[in-house]
Amino acid sequence: MKAIRRFTVRPVLPDTLRPLADLARNLRWSWHEPTRELFDAVDPVGLRAADGDPVRALGAIDAGRLAALAADQDFLARLRAAAEDLDRYLTEPRWYQRQPGELPASLAYFSPEFGITAALPQYSGGLGILAGDHLKAASDLGVPLIGVGLLYRHGYFRQSLSRDGWQQEHYPVLDPGELPVTLLREPDGAPARVTLALPGGRSLHAHIWTAQVGRVPLLMLDSDVEENAPGEREVTDRLYGGGSEHRLLQEMLLGIGGVRALRMYGRLTGTPAPEVFHTNEGHAGFLGLERIRELAGQGLDFDAALETVRAGTVFTTHTPVPAGIDRFERSLIARHLGEDGALPGVDVGRILALGDETPLGGEPGVFNMAAMGLRLAQRANGVSTLHGAVSRAMFAGLWPGFESDEIPLASVTNGVHAPTWTAPEVARLGPEAGDRELWELRRTLRERLVTDVRQRLRASWRQRGAAAAELGWTDTVLDPDVLTIGFARRVPSYKRLTLMLRDKDRLRALLLHPERPVQLVVAGKAHPADDGGKKLVQELIRFADDPRVRHRIVFLPDYGMGMARGLYPGCDVWLNNPLRPLEACGTSGMKAALNGCLNLSVLDGWWDEWFEPDFGWAIPTADGAAALDEERRDDLEAAALYELIERRVAPRFYDRGPDGVPAGWTAMVRRTLTDLGPKVLADRMVREYVTRLYAPAAAAHRALAPAAARELAAWKARVRGAWPKVSVDHVEVGDDLEDAELGATPAVRVRVALGELRPEDVEVQAVTGRVDADDRLLDARTSVLKPAGGPDLEGRIPYAGVLSLDRTGPFGSTVRVLPTHPLLAHPAELGLVTLPAETSGERGGVLLR
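Notes on the structure in this doc start here. (Residues numbered from 1 in each chain as written. Predicted model: local features only at pLDDT ≥ 70, side-chain atom pairs only at ≥ 80, totals over all residues. Heavy atoms only, no water.)

Thoughts on the overall build of the protein
Okay, so step 1: Of regular secondary structure, the protein possesses 28 helices and 26 strands.
Okay, so step 2: Over its C-alpha atoms the protein spans a radius of gyration of 30 Å, differing by no more than 12% from the 29 Å that the globule rule assigns to 849 residues.
Okay, so step 3: Its C-alpha atoms put the protein at 95 × 70 × 50 Å along the principal axes.
Okay, so step 4: Burial statistics for the protein: of 849 residues in total, 55% are counted as buried. (Helix = DSSP H or I, 4+ residues; strand = E, 2+ residues; numbered from the N terminus. Rg over C-alpha atoms; globule rule 2.2 N^0.38 Å. Buried < 20%, exposed > 50% of the residue type's maximum accessible area, 1.4 Å probe, protein only.)

Things to note about the packing of aromatic side chains
Okay, so step 1: Taken as a whole, this structure holds 17 aromatic pairs when the rule is applied.
Okay, so step 2: Centre to centre, the rings of Trp-606 and Trp-610 are 6.5 Å apart; their planes meet at 55°, and the pair counts as tilted. Here the residue Trp-606 and the residue Trp-610 both occupy positions in helix α23 (residues 605-610), the gap between them amounting to 4 residues, near one helical turn. Of the two residues, Trp-606 and Trp-610, neither departs from the other in class, the shared state being buried. (Phe/Tyr/Trp six-rings, centres within 6.5 Å; stacked < 30°, edge-to-face > 60°.)

Points about the packing of helix α7 (residues 126-141) against helix α27 (residues 682-703)
Between two packed helices, the angle of one axis relative to the other and the distance separating the axes together describe the packing.
Okay, so step 1: Closest axis-to-axis distance for the α7/α27 pair is 9 Å, and the angle between their directions is 80°. In terms of axis orientation, α7 runs roughly perpendicular to α27. Within the contact between the two elements, α7 uses Leu-130, Asp-133, His-134, Ala-137, Ala-138 and Leu-141 and α27 uses Ala-682, Asp-683, Met-685, Val-686, Arg-687, Tyr-689 and Tyr-694.
Okay, so step 2: Looking at the contact of α7 with α27 residue by residue, the classes come out as 9 nonpolar, 1 polar and 3 charged. (Axes fitted to C-alpha atoms, helices over the stretch in contact; angles between N-to-C directions. Parallel < 35°, antiparallel > 145°, perpendicular 65-115°, else oblique. Contact = heavy atoms within 4.5 Å. Nonpolar A, V, L, I, M, F, W, Y, C, P; charged D, E, K, R; others polar.)

As for the sheet that holds strand β25 (residues 797-802)
Hydrogen bonds along the backbone pair up the strands of a sheet, which may run parallel or antiparallel.
Okay, so step 1: A sheet is described by the order of its strands in space; here 6 strands give the open sequence β21-β22-β25-β24-β23-β26, paired in antiparallel fashion. Two strands bound the open sheet, and with one partner strand each, they are β21 (727-733) and β26 (811-819). Neighbour-to-neighbour, the strand axes of the sheet open up by a mean angle of 30°, direction not taken into account.
Okay, so step 2: Of the strand pairs in this sheet, strand β23 (residues 762-771) and β26 are connected by 9 bridges, and their pairing is antiparallel. Note on β26: the bridge partner recorded for Val-767 is Thr-814. (Pairing = 2+ DSSP bridges.)

As for the side chain of Arg-260
Okay, so step 1: As for its placement among the helices and strands, Arg-260 is situated in helix α9 (residues 244-269).
Okay, so step 2: For Arg-260, the residues in contact, after removing those within four places along its chain, are Val-194, Thr-195, Leu-196, Glu-290, Arg-293, Ala-342 and Leu-343.

Quick look at the sheet that holds strand β17 (residues 553-556)
Okay, so step 1: Strand order in the open sheet formed by 6 strands is β17-β16-β15-β18-β19-β20, with parallel pairing between adjacent strands. In this open sheet, the two edge strands, each paired with only one partner strand, are β17 and β20 (616-619). Recorded for the sheet is a direction-independent mean angle of 20° between the axes of neighbouring strands.
Okay, so step 2: Here strand β16 (residues 518-523) pairs with β17 via 4 bridges, running parallel. Along β17, the bridge assignment pairs Val-522 with Phe-555.

Remarks on the environment of Glu-290
Okay, so step 1: Relative to the helices and strands, Glu-290 resides in helix α10 (residues 287-297).
Okay, so step 2: Separated by 34 residues in the primary sequence, Glu-290 and Ile-256 place their C-alpha atoms 5.2 Å from one another.
Okay, so step 3: Not counting chain neighbours up to four residues away, the residues in contact with Glu-290 comprise Ile-256, Val-259, Arg-260 and Leu-343.
Okay, so step 4: A distance of 3.0 Å separates a polar atom in the side chain of Glu-290 from a polar atom in the side chain of Arg-260. (Polar contact = N/O pair within 3.5 Å; in protein donor to acceptor, adjacent residues only side chain to side chain.)

Some words on the pattern of salt bridges
Okay, so step 1: Tallied over the entire structure, the rule returns 64 salt bridges.
Okay, so step 2: The closest approach of N and O atoms between Arg-28 and Asp-85, which form a salt bridge, is 2.8 Å. Within this pair, whereas Arg-28 is found in the loop between α1 (19-25) and α2 (33-42), its partner Asp-85 is found in helix α6 (residues 73-91), the two being separated by 57 residues in sequence.
Okay, so step 3: For Asp-85, a relative accessible area of 23% translates into the label partly exposed.
Okay, so step 4: A salt bridge links Glu-643 to Arg-506; the nearest nitrogen and oxygen atoms lie 2.9 Å apart. Of the two residues, Glu-643 sits in helix α25 (residues 630-654) while Arg-506 sits in helix α19 (residues 504-511), which places them 137 residues apart along the sequence.
Okay, so step 5: With relative accessibility at 35%, the residue Glu-643 sits in the partly exposed group.
Okay, so step 6: Overall, Arg-506 belongs to the partly exposed group, its relative accessible area being 25%.
Okay, so step 7: What emerges from the salt-bridge pattern is a single network uniting Arg-153, Asp-222, Asp-224 and Arg-233. (Salt bridge = Lys/Arg side-chain N within 4 Å of Asp/Glu carboxyl O.)

What about the pairing of β25?
Okay, so step 1: Strand direction decides the pairing type here: strand β22 (residues 747-753) and β25, joined by 6 bridges, are antiparallel. Note on β25: the bridge partner recorded for Arg-749 is Ala-800.
Okay, so step 2: Examined bridge by bridge, strand β24 (residues 777-787) and β25 share 2 bridges and lie antiparallel to one another. Across the sheet, Lys-786 pairs through a bridge with Ala-800, a residue of β25.

In structure tokens, the structure reads:
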């Protein structure tokens with residue numbers, strides 16, 4: 001028989017043990033080693049059976065064990081100390097509370113997935129892990145963040161392998177009663193509920209589950225409620241599952257429903273309303289539309305509400321290619337967000353305009369979530385310096401006329417949460433540790449990984465149909481004294497899982513080298529709909545199944561946080577070979593670095609930014625014509641990878657001194673820990689978000705009271721309407737530039753027609769810099785020109801200033817006119833700029849580009 005209803009019967013904890021429940025319900029245990037050790041003392045066997053989840057472990061503990069713990073005075077003292085430590089962590093002022101100025105009292109962080117712990121499997125890959133680390137670091141720093149996401153009843157899929165190495169997906173049902181979450185309830189005990197109207201008179205209802213991530217509450221909306229029709233109950237069934245309409249409903253529930261959940265949470269708990277809304281990728285972008293609907297109900301028109309929303313919104317893009325952006329048919333958006341949908345009273349035509357992708361070279365019938373996200377946010381960023389540059393180029397069409405480096409899209413390089421990803425032994429390693437101690441620790445961690453790999457590999461082969469009697473060979477897989485390279489991540493084609501297989505004979509020779517062997521641990525999931533990715537996984541597995549090399553290369557299925565925590569510390573080298581520049585950041589190498597693992601990577605994402613020879617090795621990338629030929633490009637880059645491993649990486653690892661320690665290798669490990677480690681921290685990342693984005697966004701939002709919002713919206717409308725008549729009609733630069741010398745300050749004079757605009761509506765700038773062979777300005781600098789008199793007979797206003805010739809060589813200049821207003825966050829915000837026509841000025845001046 002099969003149960004028709006699943007639920008959990010929990011034991012009643014004695015009063016003296018009640019703090020265990022509080023400790024288990026706060027996910028701080030997932031990164032706080034003393035709390036994990038306490039739960040291990042409660043029931044080590046049960047905790048392992050529960051995959052390290054204390055909520056599940058406590059739910060299964062027997063009464064006899066509870067009675068023994070309640071009488072154990074030493075354990076009770078440890079429990080009291082842990083509870084007091086958690087209370088101090090939750091209540092004492094931290095970094096955020098010690099900052100000067102008026103920082104936001106509350107901030108909201110929206111993401112479609114959160115990787116907090118394997119016990120709460122609501123993530124698929126890097127985006128979710130990054131979101132989880134963001135919440136944890138915010139908690140450690142005291143940032144008053146509220147996370148908003150969805151609770152997927154199947155989470156992301158569990159991966160297993162068929163006998164021939166084909167990926168198979170399984171979706172186990174998650175019972176919220178067995179997860180470290182609590183249902184948000186009304187004062188009368190009824191579940192709190194948000195509702196979205198759907199076309200045809202239907203409704204989408206959702207309950208709100210809360211997980212406590214240290215000091216940070218995480219709200220997760222769940223559509224699996226009885227009031228919903230069967231189709232609506234399945235909206236939150238799977239992470240990134242279903243077709244286009246299903247995905248749209250998920251994103252509507254996340255964005256629109258998420259804002260409503262925040263309002264409900266604030267009403268029930270007294271938490272201040274967020275001043276800043278941070279959307280992690282475009283999936284949650286509809287949150288801005290819901291806030292416009294709220295403000296419309298308070299008397300603001302669409303334009304004024306839009307300005308208010310933009311001022312307090314931060315948008316982070318993680319996508320380096322247009323194909324990675326969510327896009328929907330405009331008709332689908334109009335049907336679900338119109339008068340018969342979720343946002344009655346909001347002009348659907350204005351909504352559709354926010355998602356228009358035609359300025360990006362896209363299709364007129366498509367609604368682009370990233371374009372909407374950028375238009376709804378006054379502040380936006382990529383997730384590494386290189387990715388910021390890639391994003392500015394990709395979205396340049398939204399700011400026509402501006403150079404790439406002037407587009408208001410900054411970068412905050414991702415970071416990782418050290419307490420989550422650093423092995424406790426590494427965290428305890430002091431700076432005074434000698435080379436031998438460091439080397440012995442590296443071997444201990446490698447040996448632990450080898451033991452774990454053998455267990456996982458044996459379990460995988462049993463799932464693939466092998467009998468126990470034919471798996472004796474797994475007892476000798478990998479060697480704790482062999483150079484170990486790790487590669488684990490999602491398996492889209494651009495990450496090139498199989499680049500290492502480009503020349504199988506050469507790879508085989510590296511693995512089986514008689515003096516300097518190498519071993520590889522590989523893991524990763526292909527998207528369920530990506531057969532190309534599954535073929536890459538199968539190709540790798542077929543190579544790894546070869547009896548000649550299967551003791552030197554393994555593929556571990558079902559990669560997740562639990563596996564990763566042992567993989568990063570146990571590897572000596574972390575391999576990353578994406579197609580540059582398609583890796584937005586790539587934080588797996590950061591987690592490895594925190595454990596003293598050296599990086600071997602293409603110069604992409606964060607590695608392009610922080611690579612130094614003491615931290616690892618840079619894999620050369622093809623350029624020129626070779627980069628355009630995919631086959632030749634991969635051949636060249638694979639050959640470079642083999643060469644690096646054979647000539648530089650392996651010799652450094654095996655170059656031992658008389659004491660058996662590779663001094664050159666341990667020196668690199670030490671530099672990685674001491675110099676690279678502090679750069680890759682999520683604490684550093686969140687501090688940057690607070691100072692560079694959150695605090696300015698909060699200040700901008702406070703400045704936009706309803707009257708100011710209306711004034712700003714009216715000003716923008718007036719400027720946009722009048723801008724076609726703005727022109728630069730006449731430019732003079734100096735009297736004689738033929739003999740210009742370094743340090744000279746030639747005068748600049750220009751006449752500008754403003755049409756219906758006033759001088760205070762614009763800023764006239766001189767732009768100078770070196771020029772290339774095509775007269776394009778390089779490393780441009782600007783200076784403001786001032787009005788130099790009244791309008792002439794044609795209404796043109798004179799402006800004047802001087803240039804500073806502070807560099808030698810070919811030099812050039814131009815002038816331009818930009819809109820200006822005290823409430824603009826960036827000169828390019830409106831995407832309006834006027835440049836001169838290409839004619840020579842009078843009196844021997846030149847029109848400089």
